[in-house]
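What follows is each chain in one-letter form.
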Amino acid sequence: VQLQASGGGLVQAGGSLRLSCAASGRTFSGYSIGWFRQAPGKEREFVSAIRWSGGNIYYSEFAKGRFIISKDNAKNTVDLQMNTLKPEDTAVYYCAAGHPIMSTIRRSDAYNNWGQGTQVTVSS
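Please read all numbers here as calculations on a predicted model, not as lab measurements.

**Student:** Tell me about the nonpolar core, and please be specific about residues and values.
**Tutor:** With 29 residues, the main nonpolar core has F28, W35, F67, V78, L80, M82 and Y93 as its most contacted residues. Within the residue set of this core, elements represented by two or more residues are β1 (2–6), β3 (17–24), β4 (32–38), β5 (45–51), β7 (67–72), β8 (77–82), β9 (91–98) and β11 (118–123). Counting residues in hydrophobic clusters, the runner-up holds eight residues, among them F36, Y58, I105 and A110.

**Student:** Break down the packing of aromatic side chains for me, with residues and values.
**Tutor:** Going through the model one piece at a time under the given rule, you end up with six aromatic pairs. Here the aromatic rings of F36 and Y111 are separated by 5.2 Å at their centres, their planes lie at 75 degrees, and the arrangement is edge-to-face. Here the residue F36 occupies a position in strand β4, and Y111 occupies one in strand β10 (residues 111–114), the gap between them amounting to 75 residues. Y111 carries the same exposure label as F36, and that label is buried. Feature note: the residues F36, F46, Y94, Y111 and W114 constitute an aromatic cluster, connected by ring pairs. In this structure, R37 packs its charged tip against the face of F62, placed 3.8 Å from the ring centre. The ring of Y94 carries the charged tip of R44 above its face, separated from the ring centre by 4.0 Å.

**Student:** Lay out the pattern of salt bridges with the relevant residues and their values.
**Tutor:** Under the definition given, this model contains six salt bridges. Between E45 and R37 there is a salt bridge; the shortest N-O distance is 2.7 Å. Judged by its relative accessible area of 6%, R37 falls in the buried class. One salt-bridge network, in which partners are shared between bridges, spans R37, E45, R66 and D89.

**Student:** Can you break down the sheet that holds β1 residue by residue, with the values?
**Tutor:** Strand order in the open sheet formed by four strands is β1-β3-β8-β7, and the pairing between neighbours is antiparallel. Each of the sheet's edge strands pairs with one partner strand only, and the pair in question is β1 and β7. Neighbour-to-neighbour, the strand axes of this sheet turn through a mean angle of 15 degrees, independent of strand direction.

**Student:** So what's going on with the pairing of β11? Which residues, and what values?
**Tutor:** Only one face of β11 is buried, namely the one carrying T118, V120 and V122, since none of Q119, T121 and S123 on the opposite face is buried. Direction of pairing for strand β2 (residues 9–12) relative to β11: parallel, over a ladder of four bridges. Counted as the bridge partner of L10 is T121 from β11. Both β9 and β11 contribute to a ladder of three bridges, which runs antiparallel. Following the sheet pairing, A91 is matched in β11 by V120.

**Student:** Quick rundown of the state of the cysteines? Include the residues and the values.
**Tutor:** Under the counting rule described, the total for this entry stands at one disulfide. Between C21 and C95 runs a disulfide, and the two sulfur atoms are separated by 2.2 Å. Judged by the sign of its S-S torsion, about 70 degrees, the cystine formed by C21 and C95 is right-handed. Here the residue C21 occupies a position in strand β3, and C95 occupies one in strand β9, the gap between them amounting to 74 residues. The exposure classification of C21 matches that of C95, with both residues buried.

Conventions we followed
- Residues numbered from 1 in each chain as written.
- Predicted model: local features only at pLDDT ≥ 70, side-chain atom pairs only at ≥ 80, totals over all residues.
- Heavy atoms only, no water.
- Core = buried A, V, L, I, M, F, W, Y, C linked by side-chain atoms within 4.5 Å.
- Buried < 20%, exposed > 50% of the residue type's maximum accessible area, 1.4 Å probe, protein only.
- Helix = DSSP H or I, 4+ residues; strand = E, 2+ residues; numbered from the N terminus.
- Phe/Tyr/Trp six-rings, centres within 6.5 Å; stacked < 30°, edge-to-face > 60°.
- Lys NZ or Arg CZ within 6 Å of the ring centre and 35° of its normal.
- Salt bridge = Lys/Arg side-chain N within 4 Å of Asp/Glu carboxyl O.
- Pairing = 2+ DSSP bridges.
- Axes fitted to C-alpha atoms, helices over the stretch in contact; angles between N-to-C directions.
- Disulfide = S-S within 2.5 Å.

Spelled out as structure tokens, the structure:
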């Protein structure tokens, strides 16, 4: 499956952005879709994930209460609504698809399909 991430941009602290991950080549059926981010000089880190079948949702601690992941069956997309953004949320955000088990859902090496990334910049 090929992935296309979109929706990044520049926003002031406290603002919101909505990222979208679209699939082409096949549907997301059977996949888990994760959002990861990587800031300059830092390792890629897990943000959130959703299992397409079943809808189980997972968040990192920093995303809980601020970010919401959701899927749209009709559009074959997975969105990440990011609210109350902070300067430390500045990063390139990537969506990924794979078949991780529960213990690996937060690991980037559990996903074998990656989008190109979209830049999110939060100004103070």
